[in-house]
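Okay, here's what each chain looks like letter by letter:
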Amino acid sequence: PSDRRKIVILGGGPNRIGQGIEFDYCCVHAAFAMKELGFESVMINSNPETVSTDYDTSDLLFFEPLTHEDILNICERLNGQPFSSPSPGTPGEGRGEGSSSGKSRGDSKTLTPTLSQGTGRGGQSGLVKGVIVQLGGQTPLNLARGLTEAGVPILGTSIDSLDRAGDREQFRDMLQKLGLKQPANGIARNLADAKRIATEVGYPVLVRPSFVLGGRAMEIVSDESQLDIYMQNALGASTLTDTPILIDKFLDNADECDLDCIADYREVGGGQSAVGSADKNSPQAADRKPPTVEGRAVVIGVMEHIEEAGIHSGDSACVLPPYTFSKELIARLKEQTYKLAKELRVNGLMNVQYAVRDGEIYVIEVNPRASRTVPFVGKATGMPWAKIAAKVMAGKTLDELGIYEQPDPKHVSVKEVVFPFSKFPGVDVILGPEMRSTGEVMGLDVNFPLAFAKSQLAAGTNLPLKGNVFISVRAGDQQAVVPIAKQLAELGFTIFASHGTGAMLAKGGVKNTVLPKISEGRPNIIDKMKNGEIQLIINTPTKKGPATDEGKIRAASVMSRVPIFTTLTAASAVAEGIAALQKTGWNVRPLQSYHNGK
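Remember, it's a predicted structure, so these values are computed and weren't measured experimentally. (Residues numbered from 1 in each chain as written. Predicted model: local features only at pLDDT ≥ 70, side-chain atom pairs only at ≥ 80, totals over all residues. Heavy atoms only, no water.)

Undergrad: Looking at this model, I keep getting lost on the packing of helix α13 (residues 482–490) against helix α17 (residues 568–584). Mind explaining?
TA: Angle between the axes and distance between the axes are the two parameters that describe a pair of packed helices. Relative to each other, α13 and α17 sit at 20°, their axes nearing to 10 Å. Between α13 and α17, the interaxial angle falls into the category roughly parallel. For the pair α13 and α17, the sense of crossing is left-handed. Two secondary-structure elements touch here, α13 through Ile 484, Gln 487 and Leu 488 and α17 through Leu 568, Ala 571, Ser 572, Ala 575, Glu 576, Ile 578 and Ala 579. (Axes fitted to C-alpha atoms, helices over the stretch in contact; angles between N-to-C directions. Helix = DSSP H or I, 4+ residues; strand = E, 2+ residues; numbered from the N terminus. Parallel < 35°, antiparallel > 145°, perpendicular 65-115°, else oblique. Left-handed = near helix turned anticlockwise from the far one by under 90°. Contact = heavy atoms within 4.5 Å.)

Undergrad: When you look at the pattern of salt bridges in this model, what are you seeing that I'm missing?
TA: A side chain of one charge can pair with a side chain of the opposite charge if their charged atoms are brought near each other. If you walk through the whole model with that rule in mind, you get 24 salt bridges. As a salt-bridge pair, Asp 228 and Lys 195 come within 3.2 Å of each other at their nearest N and O atoms. Taken together, the residues Asp 228 in helix α7 (residues 224–235) and Lys 195 in helix α6 (residues 191–201) connect sequence positions 33 residues apart. Several salt bridges converge on common partners, so that one network encompasses Glu 36, Lys 387 and Lys 391. (Salt bridge = Lys/Arg side-chain N within 4 Å of Asp/Glu carboxyl O.)

Undergrad: For this particular structure, what's the right way to read the confidence of the model for the protein?
TA: The predicted coordinates ought not to be read in detail in places where the model reports low pLDDT. This prediction gives the protein a mean pLDDT of 83; 84% of its residues lie at or above 70. Taken together, the stretch residues 237–241 has pLDDT below 50 and engages in 12 contacts with residues farther than four places along the chain or on a different chain. A low-confidence stretch, residues 271–278 stays under pLDDT 50, and its non-local contacts, those more than four residues away or across chains, total 30 contacts. (pLDDT = per-residue confidence, 0-100.)

Undergrad: Would you mind going over the sheet that holds strand β21 (residues 468–472) with me for this structure?
TA: Adjacent strands of a sheet pair through backbone hydrogen bonds, lying either parallel or antiparallel. Ordered in space as β23-β22-β21-β24-β25, the 5 strands form an open sheet in which the pairing is parallel. Taken across any chain shown, the strands that pair with only one partner, and hence form the sheet edges, are β23 (513–514) and β25 (564–565). Note that β21 and strand β22 (residues 494–497) share 4 bridges and pair parallel. The partner of Ile 471 across the bridge, within β22, is Ala 497. Against the sheet, helix α14 (residues 499–507) contacts β21, β22 and β23, and its axis sits at roughly 135° relative to β22. (Pairing = 2+ DSSP bridges.)

Undergrad: Explain the packing of aromatic side chains to me, please; I cannot follow it from the model alone.
TA: Two numbers describe a pair of aromatic rings. These are the distance of the centres and the angle of the planes. Enumeration according to the criterion identifies 2 aromatic pairs in this entry. Summarising the aromatic geometry, the rings of Tyr 323 and Phe 448 are spaced 4.1 Å apart at their centres and angled 15° between planes, so their arrangement reads as stacked. Here Phe 448 lies in helix α12 (residues 448–458) and Tyr 323 lies in the loop between β16 (318–320) and α8 (327–343), a separation of 125 residues in the sequence. Given a relative accessible area of 30%, Tyr 323 falls into the partly exposed group. Both rings, one in Phe 448 and one in Phe 452, keep their centres 5.9 Å apart while their planes meet at 40°; by these two values the pair is tilted. Note that Phe 448 and Phe 452 are positioned in helix α12 at a spacing of 4 residues, about one turn of the helix. The pair Phe 448 / Phe 452 is uniform in exposure class, with both members buried. Each member of the aromatic cluster is reached from another via a ring pair, and the members are Tyr 323, Phe 448 and Phe 452. (Phe/Tyr/Trp six-rings, centres within 6.5 Å; stacked < 30°, edge-to-face > 60°. Buried < 20%, exposed > 50% of the residue type's maximum accessible area, 1.4 Å probe, protein only.)

Structure (structure tokens):
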């Protein structure tokens, strides 16, 4: 390594559901940003199947496990000296004496430490300016506390702020302080607590562990017997020990949305900076004046989910800009986001998930880090937000970078997800609060119906322009599905239905043919799918699992490659998309032409 100042970027490690290539995109842009600022960019990641580990992405590349010991050894070698621990005692003792192998421009070398002049705390006198942990997902975030305690400076949002957002008790207290609403909830650390809280807030409830990514072990629970089963999974889901579990009242029939923002809040004039770490226990700390907070936040994207509340944000299609939200509602959502960013003193990226029901806004989750939606927002708006955020974490301000809130694009962008269901024959394809998707695509056009239709094509779902539709929805959805079925019938489709849905459709004036249940006779819906007689299925689930009739229908649709949609909001978007395709068809334009206004 050279004698240049270095910034270390921690990747996400092995790809898994909830932590994939979206975060690697952010890490790559951070490496490019550091080069532009004149720093030596250092990437640490153990996953060769990523762009961040390409030989020409960063100046230095380390294929090492993302563990505290390995990261600390690398950082100390790069720093040229051990880091001083923020706590009293002898800092750096017993560390940094081993060797570590790295790769610079493709050449593997053993690092020889280059000592910097002078001494200081937190490595500020060494070669490592700091470590970026908020771009690689939950894996590097979970390392941040240990690295800070070892004296390694963490760039971006402070560790305390990350904890306030990730720890359910601190999160609830923060929302109460700001006067923001969240669903009725309670904190549980054991099954007895969970039962008591669920009874108080009322079923159905959402079991939500702390410090997890991809909605692991999140579940909508409708009664106490289900709670017994799911609490066992939730208690062991977090990657950290002794973490609380939030029991939320589930908001049925609510609209969900994501807001991404970038902020450059920092503390100046004493105390611990939001950028990096400092020693709060030194004798001089007591004499310092309270720091002042400077900076501002910019909302970079408002994304309305197409699926309603209860579907994990990583599994829900979303649209930017929102297609049903009023300007007044969007302004209120932005106002709450600005409050959260300032309170958490965000330095870098932040994602907030909201639920909206009957005009009321509820905060579901706040993540002061890069979210999986950042690449989508960047391509939808034509702005390299991950690169800009990395520069902010390295010390630049939004004013210096000339970043201000952008007007809504004139085009519409739809993000759709890709599922691996075809690789698992017989699996039920029902969606829920635990993430199951393994990829995502996007569609762009001048209006929502065509953009949605393109997103389906990109995801491998060919919307039919004619043929037969099978509709079977739960009792609570039967009235709402009538206008969707009526629109499909007007578009020339023949409607088949289950008994209960068929009766409601007939009552609503939609001609349909009722098919027998699988156990009642043949030809049933599975027979018709095998014979190629069904082109589209709309099925909102009442029961789940491959052993149920509807589970068998959903699994058979995947194997027969029949498009299936399991929410009414998605079904409505499908009907609009088919209507647009029948009317005008679709075309292809370069991405740049949308941003250039051509």
